[in-house]
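# Report on the structure
Take a look at the letters that make up each chain.
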Amino acid sequence: MLWPSIALLTFVTLQRLAELIHARRNTAALLAQGGREIAPGHYPYMVTMHTAWLVSLWLLATGRPVVLVWFIIFMVLQGLRVWVLATLKGRWTTRIVVLPGAPPVATGPYRFLSHPNYAVVVGEIAVLPLAFGLPLHAIVFSLLNAAILTIRIRAENTALDQAMA
């Protein structure tokens, strides 16, 4: 059956495109308020990895059955994603932008985790391929994502520490 896989991949693709538009607006607004982008050098690699992840899913997963338990876990992750976006509001972006004088967000999921958005992304990178029965895909892209997040989280933590000093 083709349509469940195509529907899920279309949902994820449209979601990612909408998030890029939202992130660009927020980034522009934060920079206009005096925000500074930190460590932009890794950003093209992150975009490339996420694009390759999604394109390869379109190539490998189209027409494959969707495993219900992994689909449910993926949808729970989408609820967590919405919680992160709603908590950060105009401060959510795909780039690292520090707004001088703005305190770190400590509400919503940030009460429980320092980087809940990254936790959601880690889950999505692994869970969506598993929903299509593609464990090797999940492993390869999880490792690539871990490498990028190692750089990104260090840069973000340093930037936040400096902004608070």
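Our subject in this report is the structure included herewith. (Residues numbered from 1 in each chain as written. Predicted model: local features only at pLDDT ≥ 70, side-chain atom pairs only at ≥ 80, totals over all residues. Heavy atoms only, no water.)

### Regarding the overall build of the protein
Which entries qualify depends on this criterion: Helix and strand definitions follow DSSP, with helices as H or I runs of at least four residues and strands as E runs of at least two, each counted in order from the N terminus. We compute the radius of gyration over the C-alpha atoms and compare it with the globule rule, which gives 2.2 Å times the number of residues raised to the power 0.38.
A count of helices and strands for the protein gives 5 helices and 2 strands. Along the protein, from the amino end to the carboxyl end, the secondary structure elements read α-β-α-α-β-α-α. Computed over the C-alpha atoms, the radius of gyration of the protein is 17 Å, within 12% of the 15 Å expected from 2.2 N^0.38 for a compact globule of 165 residues. Seen through its C-alpha atoms, the protein measures out along the principal axes to roughly 55 × 30 × 25 Å.

### Examining helix H4 (residues 116-131)
Under the convention used in this document: Under the convention used throughout, the expected extent of a helix is 1.5 Å for every residue step, that is, one less than its residue count. Values of bend correspond, residue by residue, to the angle between axes fitted over the seven residues ending at that residue and the seven starting there. Whether a residue is buried, partly exposed or exposed follows from its accessible area with a 1.4 Å probe, protein chains only, as a fraction of its type maximum: under 20%, in between, or over 50%, in that order.
Taking 1.5 Å as the rise per residue, H4 with 16 residues should run 22 Å; its terminal C-alpha atoms sit 22 Å apart, in good agreement. In H4, a bend of some 25° at Glu-124 exceeds every other bend along the element. For H4, the buried fraction is high: 13 of the 16 residues fall into the buried class. In the segment just after H4, Gly-133 is the residue with positive phi, at about 70°.

### Quick look at the side chain of Asn-145
Note the threshold: Note on contacts: a residue pair qualifies if any of its non-hydrogen atoms lie within 4.5 Å across the two residues.
Relative to the helices and strands, Asn-145 resides in helix H5 (residues 135-164). We classify Asn-145 as buried; its relative accessible area is 3%. With sequence-adjacent residues up to four places away left out, Asn-145 is seen in contact with Met-49, His-50, Val-121, Val-122 and Ile-125.

### Points about the pattern of salt bridges
Cut-off, in case you're wondering: Think of a salt bridge as a Lys or Arg side-chain nitrogen and an Asp or Glu carboxyl oxygen that are within 4 Å of each other.
Using the criterion set out here, one finds 4 salt bridges in the structure. Among the salt bridges present, the one from Glu-124 reaches Arg-16, with a minimum N-O distance of 2.9 Å. Of the two residues, Glu-124 is situated in helix H4 and Arg-16 in helix H1 (residues 3-32); the sequence distance between them amounts to 108 residues. Since its relative accessible area comes to 0%, Glu-124 is described here as buried. A salt bridge links Glu-124 to Arg-81; the nearest nitrogen and oxygen atoms lie 2.4 Å apart. With Glu-124 in helix H4 and Arg-81 in helix H3 (residues 68-88), this residue pair connects regions lying 43 residues apart in the sequence. In this structure, Glu-124 and Arg-81 share a single accessibility class: buried. Salt bridges sharing common partners tie together Arg-16, Glu-19, Arg-81 and Glu-124.

### Observations regarding unusual backbone geometry
Even without being glycine, Ala-39 reaches a positive phi, approximately 50°. Within the secondary structure, Ala-39 sits in the loop between strand S1 (36-37) and helix H2 (43-61). With phi around 50°, Lys-89 is a residue other than glycine that occupies positive phi space. Here Lys-89 shows up in the loop between H3 and strand S2 (97-98). Note on Lys-89: relative accessible area 59%, which makes it exposed.

### Things to note about the packing of H2 against H5
To describe two helices that pack against each other, one gives the angle between their axes and the distance between the axes. Operational definition: Whenever a helix is involved, its axis is fitted only over the stretch in contact; in every case the axis is a line through C-alpha atoms, and angles between N-to-C directions fall within 0 to 180 degrees. Note on angle classes: values under 35 degrees are labelled roughly parallel, values over 145 roughly antiparallel, values of 65 to 115 roughly perpendicular, and the remainder oblique. With the far helix as reference, a near helix turned anticlockwise by less than a right angle produces a left-handed crossing, and one turned clockwise produces a right-handed crossing. In this count, Pro and Cys sit with the nonpolar residues alongside Ala, Val, Leu, Ile, Met, Phe, Trp and Tyr, while Asp, Glu, Lys and Arg are called charged and the others, Gly among them, polar.
Between H2 and H5, whose axes approach to 10 Å, the crossing angle comes to 165°. Looking at the two axes, H2 sits roughly antiparallel to H5. Every pair of crossing elements has a handedness; the one defined by H2 and H5 is left-handed. For the pair H2 and H5, contact is made by Tyr-43, Tyr-45, Met-46, Met-49, His-50, Ala-52, Trp-53, Ser-56, Leu-57 and Leu-60 and by His-137, Phe-141, Leu-144, Asn-145, Ile-148 and Arg-152, respectively. Per-class residue counts for the contact of H2 with H5 are 11 nonpolar, 4 polar and 1 charged.

### Some words on H3
One turn of the α-helix equals 3.6 residues, which is why residues spaced by three or four share an orientation. Along its 21 residues, H3 runs 30 Å from first to last C-alpha, staying within 8% of the 30 Å computed at 1.5 Å per residue. In this structure, the buried side of H3 is in contact with H1 and H4.

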